[in-house]
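Here is what each chain is made of, one letter per residue.
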Amino acid sequence: MNFGVVVFPGSNCDHDCEHIFTDVLGQSVQMVWHKETSLKGLDAVILPGGFSYGDYLRTGAIARFSPVMNAVKQFASEGGMVMGICNGFQILLEAGLLPGAMLRNKSLHFICKDVYLKVENAATPFTGLCKSGQVLKVPIAHADGNYYTDPVTLAGLQANAQVIFRYCDRDGKVTPEVNPNGSLDNIAGIRNAEGNVLGMMPHPERCAESMLGNEDGRLILASMVEGLKKAQSKADLVKA
Amino acid sequence: MQASTAITKDLVAQHNLTDDEYKKILDILGREPNLTELGMFSVMWSEHCSYKSSRVHLRKLPTTGPRVVQGPGENAGAVDIGDGLCVVFKMESHNHPSFIEPYQGAATGVGGILRDVFTMGARPIALLNSLRFGGLDTAKNRHLMKGVVAGIAGYGNCMGVPTIGGEVRFDDIYALNPLVNAFCVGLARKDKIFLGTAAGVGNPVIYFGSKTGRDGIHGATMASDSFDDASEQKRPTVQVGDPFQEKLLLEACLELMAGDLLVGIQDMGAAGLTSSSCEMASRAGNGIELDLTHVPRREPGMTPYELMLSESQERMLMVAKAGNEDECIRICRKWDLDVAVVGTVTGDGILRVKDQGKVVAEIPAKALADEGPRYERPYAPPGYQDMLTNLNYDAIPDVKDAQAALLALLESPTIASKRWVYEQYDHMVRTNTMVRPGSDAAVIRIKGTNKAVAITVDCNGRYCLLHPYEGARLAVAEAARNLVCSGAEPIGLTDCLNFGNPERPDIMWQFVLSIEGMKDACEHFKIPIVSGNVSFYNETNGLSIYPTPMLGMVGLIEQADTAMTQWFKQEGDDVILLGATREDLGGSEYLKVVHAREQGSPPFLSLEAEQAVQTCVLGLIREGVVQSAHDCSDGGLAVALAECCMSGPDRALGAVVRLSPGRLRTDAVLFGESQSRVVLSAKPAHRQAILDRAKRLGVPAVVIGAVGGVSLVVYLGDERATTKTLDVPVATLFDRWAFSIERTLNHESLS
């Protein structure tokens, strides 16, 4: 599969995503400079973590005006798979591709540590290799991961199974005590109503190799590859 | 020449130049300097830039070795790790600005050290830091610590360089002079190292990065002076950092360096445009002609004096190969950086500065950069030294409640977990971090190879106070031991020498002895010192910090999968102690925490015994027969054992241990800080192999117990002893140790 990793000024997990999809998952990756206006030829697009535009003003608030974001919207509207990790998630929120907003962490500190995630919906192309309710250990690294939205939108997210990951304890219990940043309903990752755009604060690309002591994140990224393959073979069938 | 401000005696003194130094300037120029020139001399000849008090002594340090690619004198040192790669590293202080404005002071310290490393053509792969604060019982010290940690996090996290380790220690002596030392390690191709040289007459000199503003003027001069009560008024001399701009600068630099465009490059750190231009010219034996008219500026009306002395951050100067100007400018603009050709390399050896067509400064580059004053300052031990060292141990009662003492030590901020600190640092970005903060050393893999590097920072300032020579040797030994316990062979060292006022003979004595100690230890272990920094004048109202020669050491792990961690892994494993325990209570954390004494002689160190232990541990780790390795340092064996039990990331494991005290006091056995000791855990099947190897190398080795249970239990005496000296649930140990700093910082009712 052909993955595009968007590089905004200040992106800093772009190389990490490139490394995982090429060296670990054996896919091809194209780095997409934020001034590009077309995403032709890509099967999926990753908005990586980092501090796009220094996170000045508000996380993701300036990046959403980069020329590439029009192309990302177009790509998503045509059903293309888009995944935003950390700052990428924040940009997707600011760009309106996902509902809600990010507030500063409740502690007002940047937090970098392993957390546990509960897979709330395994029937998505981003989680197809996971089991429903499975607990994954994945690190977070952010200062603004305190997800917020209005009650109506939240009810909609819950009703449509759009909440994909929630912060939980080692045994999968979702409690306020294990919520690292204060996010509403312990939300760690959501998708759009159509199901092809995912945003998540934790970094699956940081825990996808045995050498780093944890491979849980690989399940998510490999799910994406599988999801794309399935979609493609379906499309091929239709064509045939 | 520019309209002259009269150069009065007062003006010279305001620039921190002595009468003799001013006479030297008159000799060099053959005339009176103008104000701009006086300013340029004052920053370049400041202690911070010229190393005038330290240079004659620094020369004694060993700086060469088969792996050394670049030694001291450049922006950073470089050491070969094979596969055509080298690690590029340096440590630097940002103490003075961090006291005045903790967030920005610490942030720009990180920014400066990153630039030193990527200027060499290396991509930064790791940051570490070493911090000293006063006790957390005052609001001021808590404010300083919170600000410094947030500043380091704010800058490093945004840059996408993981902050993977460091050390934080607390002592009231640092209350008015906190230390903030930042250490950066980069990775470069051995054949693509860039130097700060202005070679090739006629080549263009190009400025790029941020615009120049009025911030940080005389920062280097401030850093070369002691503090008094009015020091907080120096806030305007602290620069303001913009890590986003630096991230763009980093990517632009690496893109510029990927092509064949550059002759030399240097960042504008202390003394800004002045230092970068004269140092590059001097290294090449050339001159540079600068035209300030083209320098990008933040505001109009800046004088040549301000432009030459500004320490605005995130700026670089490069010398391009003639004809490549346009390509250089294109790359800088791609990254939205300001860029301008501001000068030319000349053959006359003069740094000539023009503004609006007029010459405003004209100084031989070499005189500015390299011919500053050199001082062989007098040195002598202070009168109080004997009082510090002489301690009558008979007057100190042996420990009665060992459990209370252990918990007090684990809770003391110097020993307590630094979780609150490192969880604010992104320590995983770049996906190389194999061993995260919280083990003896951090370990990062080198992608594309089978290798990894281990990195540590160490210095016990109290040992150095009690005996500067021994303290420095102990720091080298401990740093090397930390690397070895992580499975690495030490290959290079950078230092950051923090001391008081060198014009005082007792401070100079501490400095000279520390250098001697480092020299002897480094020569013994064959570890070259490839870069470094000296920070003098860490003194407020006449009170100096403890001598603190901070050491950053890098080690190589040939097979990354042999990297080792400090915590116990499995129930039933043997616990083995390597090395001998002596009555080393002097200067210990135990004496300070429990008896409120910072006295005595620091622990005994035999370099031969240390080498033997390290050889033994490294051999065992490479052979794959140990499960964990942890060095005994602050708080001695009891604290080391507690850390083995509770510092693992996933689960805690207890241990039952039996120690035979011989004729030693109980507190010396449990909490004494005897050197050259390592706690191993290993499967019983490997016991004999371990004991045999230790015996062969002449290393004392004893199986002292086994991993298991939910408590740390220690018996003192032979097999017949049935009284437990320690019996503490690991959960209790963990709670005291892991959350101590957080609890203290959140305790708002403290004054």
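See above for the structure.
Everything numeric in this text was worked out from a predicted model, so none of it was measured.

Enquirer: Give a description of the pairing of strand S10 (residues 315–320) of chain B that names residues and reports values.
Expert: Residues and elements named next belong to chain B. Burial within S10 is extensive, with six of its six residues counted as buried. Burial along S10 is two-sided: the residues Arg315, Leu317 and Val319 and Met316, Met318 and Ala320 are all buried. In this sheet, S10 lies alongside strand S7 (residues 204–209) in antiparallel orientation, the contact comprising five bridges. In the sheet register, Ile206 faces S10, and the bridge partner there is Met318. When strand S8 (residues 262–267) meets S10, the two strands line up antiparallel, connected through five bridges. When the bridges of S10 are listed, Asp267 appears paired with Met316.

Enquirer: Can you tell me about the interface of chain B and chain A, naming the residues and giving the values?
Expert: Contacts between chain B and chain A engage 31 residues on the former and 30 residues on the latter. Together, the buried faces of chain B and chain A total about 2600 Å²; carbon and sulfur atoms form 57% of this surface. One can count five salt bridges joining chain B with chain A. Residue B:Asp336 pairs with A:Lys35 through a salt bridge whose shortest N-O separation is 3.9 Å.

Enquirer: Explain the packing of aromatic side chains to me, and be specific about the residues and the numbers.
Expert: Inspection of every chain in the model, using the stated rule, returns 16 aromatic pairs over all chains. With a centroid separation of 5.9 Å and an interplanar angle of 45°, the aromatic rings of A:Tyr53 and B:Phe244 are classed as tilted. Linking A:Tyr53 in the loop between strand S3 (44–47) and helix H2 (67–77) with B:Phe244 in helix H10 (residues 243–258), this pair reaches from one chain into another. B:Phe244 shares its class with A:Tyr53; the two are buried. The interplanar angle of 15° and the centroid separation of 6.3 Å between the aromatic rings of A:Phe89 and A:Tyr147 together place this pair among those described as stacked. With a gap of 58 residues between them, A:Phe89 in helix H3 (residues 87–94) and A:Tyr147 in strand S8 (residues 146–148) connect regions that are remote in the sequence. With relative accessibility at 1%, the residue A:Phe89 sits in the buried group. The buried category is assigned to A:Tyr147, whose relative accessible area is 1%. Between B:Lys334 and the ring centre of A:Trp33, over which it is positioned, the NZ or CZ distance is 4.8 Å.

Enquirer: For the sheet that holds strand S5 (residues 163–170) of chain B, give the residues involved together with the corresponding values.
Expert: The strands making up a sheet associate through backbone hydrogen bonding, with each pair oriented either parallel or antiparallel. Residue and element names in this part refer to chain B. Ordered by their spatial adjacency, six strands build an open sheet running S1-S2-S3-S6-S4-S5, and the pairing between neighbours is mixed. The open sheet is flanked by strand S1 (68–70) and S5, the only strands paired with a single partner. Within this sheet the neighbouring strands show an average axis-to-axis angle of 25°, counted without direction. As paired strands, S1 and strand S2 (residues 77–82) are joined by two bridges and run antiparallel to one another. Within the sheet, the bridge partner assigned to Gln70 lies in S2 and is Ala78.

Enquirer: How would you summarise the sheet that holds strand S15 (residues 442–445) of chain B if you had to cite specific residues and measurements?
Expert: All names here are of chain B. Taking strand neighbours across the sheet as the criterion, the six strands line up as S14-S15-S16-S21-S17-S18 in an open arrangement whose pairing is mixed. The strands lining the two open edges of the sheet, one partner per strand, are strand S14 (433–435) and strand S18 (529–535). Going from strand to strand, the sheet's axes swing by 25° on average, the running direction of each strand aside. As judged from the seven bridges shared by strand S16 (residues 452–458) and strand S21 (residues 548–557), these two strands associate in the antiparallel manner. For Ala454, the partnering residue across the bridge sits in S21 and is Gly555. On the sheet, helix H19 (residues 468–485) packs against S16, strand S17 (489–498) and S21 and is oriented at approximately 150° with respect to S16.

Enquirer: Talk me through the pattern of salt bridges; I want residue IDs and the actual numbers.
Expert: Residues and elements named next belong to chain B. Applying the stated rule across the entire model yields 62 salt bridges over all chains. Its salt-bridge partner being Lys354, residue Glu289 comes within 3.1 Å of it at the nearest N-O pair. Here Glu289 is found in strand S9 (residues 287–291), whereas its partner Lys354 is found in strand S12 (residues 350–355), with 65 residues between them in sequence. Residue classification places Lys354 among the partly exposed residues on the basis of a relative accessible area of 25%. Overlapping salt bridges bring together Glu289, Asp348, Arg352, Lys354 and Glu362 as one network.

Enquirer: Help me get a handle on the side chain of A:Asn146, residues and values and all.
Expert: Residue and element names in this part refer to chain A. Relative to the helices and strands, Asn146 is located in strand S8. Owing to a relative accessible area of 10%, Asn146 belongs among the buried residues under this scheme. A polar side-chain atom of Asn146 sits 3.4 Å from the main-chain carbonyl oxygen of Asn181. In contact with Asn146, other than residues within four places in its own chain, are Ala101, Met102, Leu103, Arg104, Asn105, Lys106, Asn181, Gly182, Ser183 and Leu184.

Cut-offs applied
- Residues numbered from 1 in each chain as written.
- Chains lettered and ligands numbered in written order.
- Predicted model: local features only at pLDDT ≥ 70, side-chain atom pairs only at ≥ 80, totals over all residues.
- Heavy atoms only, no water.
- Buried < 20%, exposed > 50% of the residue type's maximum accessible area, 1.4 Å probe, protein only.
- Helix = DSSP H or I, 4+ residues; strand = E, 2+ residues; numbered from the N terminus.
- Pairing = 2+ DSSP bridges.
- Contact = heavy atoms within 4.5 Å.
- Buried area = accessible area lost by both parts, 1.4 Å probe.
- Salt bridge = Lys/Arg side-chain N within 4 Å of Asp/Glu carboxyl O.
- Phe/Tyr/Trp six-rings, centres within 6.5 Å; stacked < 30°, edge-to-face > 60°.
- Lys NZ or Arg CZ within 6 Å of the ring centre and 35° of its normal.
- Axes fitted to C-alpha atoms, helices over the stretch in contact; angles between N-to-C directions.
- Polar contact = N/O pair within 3.5 Å; in protein donor to acceptor, adjacent residues only side chain to side chain.

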